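Now for the letters of each chain:
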Amino acid sequence: MYAFRLLNPDLSRRACRVGFCVLVFLTAVEYAAASTKSDASDVGNAVANVGETLSAQESVSVPRVAPEESTITSPESATSGAPHSSTGDKMEEKKPAKRFEFISVNFLRVEIPFIIALWIFCASLAKIGFHMAPKLSEIFPESCLLIVVGVVIGVILVHVTGSVHMSPLTPDTFFIYMLPPIILDAGYFMPNRLFFDHLGTILLFAVIGTIFNTFAIGASLWAVGQTGMFQCGETPPLDMFLFAALISAVDPVAVLAVFEEIHVNEILYIVVFGESLLNDAVTVVLYHMFEAYTEMKDTGIVTMDVVAGCTNFFVVAVGGTVIGIFWGMATGFVTRFTNEVRVIEPIFIFVMAYMAYLCAEIFHMSGILAITFCGITMKNYVEGNISHKSHTTIKYTMKMLSSSSETIIFMFLGVATVNKLHMWNTWFVVLTILFCSIYRAIGVILLTAVANKFRLNQLSKVEKFVMSYGGLRGAVAFALVLLIDEEIVPLQPMFMTTTIAVVYFTVFFQGITIKPLVKILNVKTAEKRKPTMNERIHEKLMDHLMAGVEDILGQHGNYHVRDRFKRFDNKYIRPFLLRNYQGAEPKILETYSKLAMRDAMEFMRRNASTIGNISGTESMSGIFKNYTAGNLDGRCEEKLLTW
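Procedures and definitions
Residues numbered from 1 in each chain as written. Predicted model: local features only at pLDDT ≥ 70, side-chain atom pairs only at ≥ 80, totals over all residues. Heavy atoms only, no water. UniProt positions renumbered as here; feature names shortened; annotations may be inferred. 1 Å grid on protein atoms, 1.4 Å probe; cavity = no way out; pocket = protein on both sides within 12 Å on 5 of 7 lines; lining within 4 Å. Points joined across faces, edges and corners; volume = space filled by probe spheres on them. Helix = DSSP H or I, 4+ residues; strand = E, 2+ residues; numbered from the N terminus. Nonpolar A, V, L, I, M, F, W, Y, C, P; charged D, E, K, R; others polar. Phe/Tyr/Trp six-rings, centres within 6.5 Å; stacked < 30°, edge-to-face > 60°. Buried < 20%, exposed > 50% of the residue type's maximum accessible area, 1.4 Å probe, protein only. Contact = heavy atoms within 4.5 Å. Axes fitted to C-alpha atoms, helices over the stretch in contact; angles between N-to-C directions. Parallel < 35°, antiparallel > 145°, perpendicular 65-115°, else oblique. Left-handed = near helix turned anticlockwise from the far one by under 90°. Patch = residues over 30% accessible without salt bridge, like charges linked within 9 Å, V, L, I, M, F, W, Y side chains within 5 Å. Areas by Shrake-Rupley, 256 points an atom, 1.4 Å probe, with all protein chains shown as cover. Salt bridge = Lys/Arg side-chain N within 4 Å of Asp/Glu carboxyl O.

Looking at an unreviewed UniProt entry, the protein carries the name Sodium/hydrogen exchanger, with the source organism given as Photinus pyralis. Under the Sequence similarities (unreviewed entry) heading, UniProt states for the protein: "Belongs to the monovalent cation:proton antiporter 1 (CPA1) transporter (TC 2.A.36) family." Reading the Subcellular location (unreviewed entry) entry of the UniProt record for the protein gives the comment "Membrane".

This is the structure in C-alpha cells:
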C-alpha cells in the first residue's frame, strides 16, 4: 500500500487501499488457478501410471479358461492365481461409501470466464482510481497508467506462480475481440463530411507515407546491420522489411487514447486518426507480402510474386471497403422493418458490424476498413429507422465497449511485457526509435508540401509538428510481431522486444509530452458545439453554389462529386433503406427538430403548472416528440421560408 503512496503522494489512502486489495485479490486467484492446474496434472499423471501398471500386468500370459467356465479373472488374479471373487470383495470393502457433500469446489469449470471477468473488473477499478487523482490525470495519459498497472500485475504473477497464467494478449484475442469495438465506435461517430473533405490528404499519408516509412526504416536497419553493429549474426533484408512493415504504421488505438485527451482541432485530429485507420490496408499487405517472401527465400522470388503483392493492395483495400458498405446498407434495410420490435434494434447494429469485420478477415481483406466504412454507412441510413431509445442504447453501449476494450488492451500490453522470451539489443532498439522518428518527420514535411498545393486550408508548421510527433505506435504492432514464426525468422525475439520498446517510447514519452507542447505552441483546439440552423442552411447554400460553379467551369471537384452522390442517394438509396423518407435535407430537419425540442422544454419550464394536467403514463420524451412532430408537420416549411 505504501508503494502506491511513494509512486504518487497525491493519492488518497482510500485509493491506495483499493489498489492494494485489487492486486492481492488478483494474485490470490491466479495462484489458486495455477495450484488447481498443477493438482489436476498430478492426478492425471497418477492415473496414467496406474494405467501403465495394469496394462503391464495384463501382458503377462493368462491361462485360457474353458468356454463352459463363467468365472472372469482379473489382472491381479491372473498373476497371483487367487480367485476374483475374494479380490472383488476386498475392493468393495475398501471403497468408501459416497455421501452427499455439503459444499464442493470446482474452479476449473469456470476458470476462463472467471479470469476474463476478473480482468475486466480490475481494469475498470484501475480506470476509476486513475480519475480519483486529478493531478495524476493532468500529467499522464490514461494509457500510461494502465500499462504500468499491467506491468505490476505481470511482475507479481511471475514471482508468485512462476509464469503469467493464460497469456492474455494473443494476436487472435486482440484482432478478433478487442479491436473491433474501438474501430466501430470511431467509424460510427466519425464526422463524415470532415472525413471525406480531407480524404485526399488522409490517403496521401496513409498509403504513400506508410510505404515510404516501411522501405526507409527497413533499408536503414539492414544497412546498419551489414556493418556488424547489432552483433546479432545475419540480418537478412526481408526480415528487416518485415519488421519495418509492422513498426512503421500509426496505431489507431494509441492515437485515439492520446488525441482525445489533448482535444486538438477537428482537421488535425481527422487527418492523423484517418491515416491510422486507412493505413491498415497498406500495413496488412506489406506485412503479409514480406512474410510470404521470407518463407519463399529458399525457393526464390520471381517477378510474378512482386506483381501479385502490389495488386493485393487494391484487393485488400477495395474489398474491405466494399464489404463494410454492403453490411452497412444491409443493416439499414433490416432496421427498416423493426418498428414493431424496437428492443432488438441495437442487436443488428453490433452483430452486423461484427459480421462485416469477420467477413473481411475470412477473405484476408482489411477488417479495420470494413468495420470503419460499415459504421459510416450505418450512421447515414440506420439513424432514420431506429427509435430514440435505441439510439441512446447504441451510443452508450458502443462507448462502453470501446472504452473497456481500450482499457484491457493497454493492461494486457503491460502484462504481456513481463516474460522470459526477450532479446535486448541496445543499438537495434535505439536506432529503430531514431529511424521511426526521423522518417516520420521527413514524410510529413514532404507529403504536407504536396497536399498544401491542393488544399484551401493550408496545414501550418505547428500542425506539421503535431502530426509528426503524434505518429504513435501501439498494440497493433505488438500483435503483428507475435504472429512472426521464430523458426522462419530467428530474430523474432529481438523484434518483439524492440516493438515493446518503441510502443513504450511513443505512448509514454510522446504521449506525456505532447499535451504541454500543444499548449506551448498554441495549437488550435476543438470547439465542442453543434452547428446552428443558420450555419446548416448557409453550408447547404455554399455546397450547391460551389457545385454549380464547378459545373460551369468544367472542373469536377469535391462539391460536384458530393452533389452528384447526394442526388443519387436521395433518389435511389434512401427511399429503399429508410422507412419514413421525409426529404432531401435530413440534417436541416434534424437541426430543426432539436430546436423545436428546445422550444418545447422552454415552454414547459415557463408553464410549469401545465405539468399537472399530463397523464402519468406519458413520458416527457413522448411529450417533446409529439410536440416536435406537430411542428414539423405544420410549420416546418413556413419557418424555413421566413428564416
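Having seen the model, we can carry on.
Peer 1: Just to check I follow, could you spell out empty space enclosed by the protein for this structure?
Peer 2: Over the atoms rolls a probe the size of a water molecule, and its path tells where empty space is left. A full pass over the atoms with the stated rule returns three cavities of 30 Å³ or more. The computed volume of the largest cavity comes to approximately 60 Å³. Secondary structure elements with two or more residues in the lining of the largest cavity: α6 (134–139), α12 (252–262) and α21 (492–520). For the lining of the largest cavity, the per-class residue count stands at five nonpolar, two polar and three charged. Within this model, the second largest cavity holds a volume of roughly 50 Å³. Lining the second largest cavity, in full, are Phe205, Gly209, Asn213, Glu275, Arg440, Gly443, Val444 and Leu447. For the lining of the second largest cavity, the elements supplying multiple residues, two or more each, are α10 (199–226) and α18 (426–452). A total of four residues in the lining of the second largest cavity trace back to one element, the largest contributor, which is α18. Classifying every residue of the lining of the second largest cavity gives three nonpolar, three polar and two charged.

Peer 1: Which parts of the structure should I look at to understand the packing of aromatic side chains?
Peer 2: The description of an aromatic ring pair uses the distance of the two centres, along with the angle that the planes make with each other. With the rule as written, the count across this model stands at 24 aromatic pairs. Taken together, a centroid distance of 5.5 Å and an interplanar angle of 15 degrees make the contact between Phe241 and Phe290 stacked. With a gap of 49 residues between them, Phe241 in helix α11 (residues 237–247) and Phe290 in helix α13 (residues 266–295) connect regions that are remote in the sequence. Residue classification places Phe241 among the buried residues on the basis of a relative accessible area of 17%. A residue is classified by how much of its surface remains accessible, and Phe290, at 5% relative accessible area, is buried. The structure contains a cluster of three or more aromatic residues connected by ring pairs, namely Phe215, Phe241, Phe290 and Tyr293.

Peer 1: How should the environment of Glu260 be read in this particular structure?
Peer 2: Along the chain, the position of Glu260 falls in helix α12. By relative accessible area, which is 43% here, Glu260 ends up partly exposed. With residues up to four places along the chain from it excluded, the contact list for Glu260 reads Val255 and Tyr269.

Peer 1: Would you mind showing me how to read the packing of helix α17 (residues 388–417) against α21 here?
Peer 2: Axis angle and axis distance: for two packed helices, these are the angle between their axes and the distance between the axes, and together they describe the pair. Relative orientation of the contacting elements α17 and α21 amounts to 135 degrees, with a least axis distance of 11 Å. Regarding the angle of α17 to α21, the classification is oblique. Note on packing geometry: the crossing formed by α17 with α21 is left-handed. Counted together, Leu413, Gly414 and Thr417 of α17 and Ile500, Val503 and Tyr504 of α21 form the full contact between these two elements. Taken together, the residues of the contact of α17 with α21 sort by class into four nonpolar, two polar and no charged.

Peer 1: Help me understand a nonpolar patch on the surface, please; the structure alone is not making it clear to me.
Peer 2: Judged by side-chain polarity, Phe212, Leu434, Ile438, Ile442 and Leu446 come together as a nonpolar surface patch covering roughly 410 Å² of accessible area. Per-element tally for the nonpolar patch: the top contributor is α18, with four residues. When you line up the elements, Phe212 lands in helix α10. Judged by its relative accessible area of 32%, Phe212 falls in the partly exposed class.

Peer 1: Sorry if this is basic, but what is going on with unusual backbone geometry here?
Peer 2: Both trends apply: most residues other than glycine have a negative phi, and most peptide bonds are in trans. Look at His364: it is not a glycine, yet its phi comes out positive at around 60 degrees. Summarising the element assignment, His364 is placed in the loop between α15 (345–362) and α16 (367–381). For Asn522, which is not glycine, the phi torsion reads 55 degrees and is therefore positive. Tracing the backbone shows Asn522 in the loop between α21 and α22 (533–553).

Peer 1: Even after reading the chapter, I still don't get the pattern of salt bridges, so can you show me in this structure?
Peer 2: Any two side chains of opposite charge can pair, given that their charged atoms come close. Scanning the entire structure with this criterion turns up nine salt bridges. For Asp197, the salt bridge goes to Arg193, with nearest N and O atoms at 3.7 Å. Taken together, the residues span about one helical turn, with Asp197 and Arg193 both in helix α9 (residues 192–197) at a distance of four residues. Here Arg193 falls in the partly exposed class, since its relative accessible area comes to 30%. For Glu345, the salt bridge is made with Arg342, and the minimal N-O distance between the two is 2.7 Å. Residue Arg342 is classed as partly exposed on the basis of its relative accessible area of 31%.

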